[in-house]
Amino acid sequence: MLVIPSVDRSSCCQTMDHGQQTTHNSGSGGHCRLKLVDFQVHENHTSHETEGLSQKLLVLRRGKPFRVTLLFRDQSWNPHAENLVLQVILGHLSQKILVRFTDKLPSIYHWSATVLSGHVDLMAVTINVCSPVFSSVGLYKLLVHIESRRGRRSYAVGSFVLLYNPWLKGDPVYMPQDAQLQEYVKSDYGLVYMGTNINVSERPWSFGQYEPGVLEACLQLLQISPQHLDDQDQDFIRRADPVYLSRVVCSMVNNDDDMGILMGKWQGSYEGGVNPTAWSGSADILHRWVSSKFKPVCFGQCWVFASVLCTVMRVLGIPSRVVTVFNAAHDGNANMKIEEFYSSTGEKLNLSKDSIWNFHVWVESWMRRPDLGERFDGWQVVDPTPQEKSAGVYVCGPCPVAAVQQKVLRAQYDTPFIYASVDADVVRLIVRQGMVVGRTVDTLCVGQLIYTKSVDSDDPKNLTDTYKLTRPVSTRMCTRSSGEVSGREEDSTSVLDVSLKIEGKPTVGESIRLCINIKNNTFNKKVLMEHVNAQIKEYNSSPQESFWKVHQEVHMSPSEVLTLRHTIPPSEYESFVSSDDIVNVAVVMKDMVTEERVLETLEFNMTSPKITIEVEGGDSIQVRMEHTARVSFTNIFSKALNGAVLTVEGSGLLKDKQVERLTCLKPGEKIEKTVSFTANSTGTKVLMSTFSHDGSPTVVSRGFHKVKVTAAS
């Protein structure tokens, strides 16, 4: 409740927070008539589904009425002689609203302020204020004017935030199912899927929309966008449209064109910043960005960009979810084909401008698309990772998922790029001495699996069918080509069928078991040369040098089906493979008579040894109370690990990183760390732990543990 001080006539209206008001008197009259303003914050926040978003601001959703009670001092208000007028101000834009007496339901298409029967006496009045369903998102000022024939008294009584309203049918972001609203707007916890499609890993993420200062950071992001700085009034007006706003927010999550939140980095040292794999929540990133006066936070990669974008969109009221595409193509020349080059012995070569990321993470946001038509309403891809420019800016989307599935490439925005990401063909070329000696076309590899977190469950939801219609398998082979690398080869049918699989779940510390099946499609004997090659790569880059290879002669009878098995022991890869690395394996089978070569490839990640995190008393804890967690790692390897280091950290839980060190961790031994932590706000938090040792160039294992923080009872 706000106390309105009495001031002299020379006072002017100013920007107010909940503890400050001022008045401007024009005309004669005695003391200030307005004494108290009650914004009924708790009731309004509950009604508008905005509890916890701000402790300082009244947060409302557009198109839904909210209540404000005015209490008068000294003289009572005379509704027959004096009008109450509210004024809402957004930047230079303003709207005056005459307070009327009526029991009719307010329209959602224009501002209204009504007093219901029984909600007024001589010294107080409760006003139901309703914003239009197409109001602009932002921070509004609220003024109260009392007008009579003698003049006008004006009071700047405070501010309120207006957000999109996915609970309201007329709003373009309306989502009908309550379970989805809870998951895609109100939930502050999610999962990010990583790794490869044959060995999916996951990590929790705290979206943090209820952390202090996060809402304010999201509003500030809009205020310093290039669109707002170029034309403030036009930007305010266009913020009513979620399609427009999503492009603004998307471009502001990366810093490539503006004062955006995150700087990306994908290779080399992360000195001077944070390794992208170390982030576990959005709030810490947003707080650092604001406290640095909008300098970019170092560093981000695709899942960090996407998770921060998801936070901002949920805060602003647009239902959103984080989505992972496995085998996501980056089509550099926009021809819907991705070229990969291999040597004649199976080594993957870094010769292509195109690339396939083992996984790529973006956001889907829910909205109608009146600019495209009803068939494109629903989920839209919005990708903040800076890859290619759209209209001269590093922004991607919103692109209708339906347009991708139906291959309507003209649909705005950036549909060709998104379509290629999930459904491009992969052309693999075998190169020897600058000449193409083999060629395959794979129509199934790209976008092979698309995941998001399920509603109200930690299980993955498979979205692949929403992006891709079933396509026929088409693998074409070429042999004995004498063309150059850039040449075009004629197709022919292979006389050999080759498949490559991995047996079991590849786990660090255990042998990698490869299985190669070969079928001789002729009635002739075959003498083959088998080349198998294994390389390490990061999820978004070309492989490094080979760490293991095999070459051997293979003899096959007519029409024979042959199975070859190979084992890569831990001693062959332990000094190369870290917890975040991908293994690329390729086999080339060469017919020694015809010189036909057949290529088959496989990429997979290794499952890391487990870090155990246990919270005493369970995973539901109370805010501002001390709790204890025990963190441990057991050496499952066959050799001792020198310089063992176990770290524990948690944004909003631990102030500093906690570290435990051992000079030597013998096989079967355990390294442990007990930490005390206190949550400073409610919501979902994540404890994160890493294990490393001197014999590995990077982190060997990561562990995550979510805790639910509730208010003190």
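This one's a predicted model, so the numbers in the text were calculated from it and none came from an experiment.

Novice: Account for the pairing of strand E12 (residues 189-196), naming residues and giving values.
Specialist: Counted residue by residue, E12 has 8 buried out of 8 residues, so it is predominantly covered. Judged from the 8 bridges that link them, E12 and strand E13 (residues 199-206) form a sheet pairing that is antiparallel. Each residue of the ladder has a partner; that of Leu191, found in E13, is Pro204. What sits between E12 and E13 in their antiparallel hairpin is a turn of 2 residues.

Novice: Please set out the pattern of salt bridges residue by residue, giving values where relevant.
Specialist: Under the counting rule described, the total for this entry stands at 25 salt bridges. One salt bridge connects Asp171 with Arg62, and the closest N-O pair in it is separated by 2.7 Å. Residue Asp171 is located in the loop between strand E11 (151-163) and helix H2 (178-186), and its partner Arg62 is located in the loop between strand E4 (58-61) and strand E5 (66-72); the two are separated by 109 residues in the primary sequence. Grouping residues by exposure puts Asp171 and Arg62 together as buried. The salt bridge involving Glu364 is made with Arg321; its shortest N-O contact spans 2.8 Å. You can see Glu364 sitting in strand E19 (residues 355-367) and its partner Arg321 sitting in strand E16 (residues 320-330), a full 43 residues away along the chain.

Novice: Help me get a handle on unusual backbone geometry, residues and values and all.
Specialist: Of note, the bond from Gly397 into Pro398 is cis; its omega dihedral lies within 30 degrees of zero at 5 degrees. Mapped onto the elements, Pro398 comes out in the loop between strand E20 (378-382) and strand E21 (399-400). In this model, Gln412 is joined to Tyr413 through a cis peptide bond whose omega is 0 degrees. Along the polypeptide, Tyr413 turns up in the loop between helix H9 (401-405) and helix H10 (415-423). Positive phi outside glycine occurs at Lys407, with the angle close to 55 degrees. Examined against the element boundaries, Lys407 turns out to sit in the loop between H9 and H10.

Novice: Explain the side chain of Ser187 to me, using residue names and the numbers behind them.
Specialist: Among the secondary structure elements, Ser187 is positioned in the loop between H2 and E12. Residue Ser187 is classed as buried on the basis of its relative accessible area, which comes to 19%. Ser187 has contacts with Gln182, Phe207, Gln209 and Arg314, leaving out every residue within four places of it along the chain.

Novice: Help me get a handle on helix H8 (residues 302-316), residues and values and all.
Specialist: The end-to-end C-alpha distance of H8 is 21 Å, a good match for the 21 Å that 15 residues give at a rise of 1.5 Å each. With 15 of 15 residues buried, H8 lies mostly within the body of the structure. Once H8 finishes, Gly317 follows within two positions and takes phi at roughly 100 degrees, a positive value.

Calculation criteria
- Within any chain, residue numbers begin from 1 and follow the written order of that chain's sequence.
- Predicted model: local features are reported for residues with pLDDT of at least 70 only, side-chain atom pairs are reported and counted for 80 or more only, and whole-chain, interface and lining totals are derived from all residues.
- Note that the side-chain values use all heavy atoms of the structure and ignore hydrogens as well as water.
- Relative accessibility under 20% of the residue-type maximum defines a buried residue, over 50% an exposed one, and the middle range a partly exposed one, all with a 1.4 Å probe and only protein chains included.
- Secondary structure is summarised from DSSP: a helix means a run of H or I of at least four residues, a strand means a run of E of at least two, and numbering begins at the N terminus for each.
- Between any two strands, at least two bridges found by DSSP are needed for them to pair.
- Salt bridges, as used here, are contacts in which a Lys or Arg side-chain nitrogen is within 4 Å of a carboxyl oxygen on Asp or Glu.
- The contact rule is simple, with two residues in contact once any of their heavy atoms fall within 4.5 Å.
- Every helix has an expected span of 1.5 Å times one less than the residues it contains.

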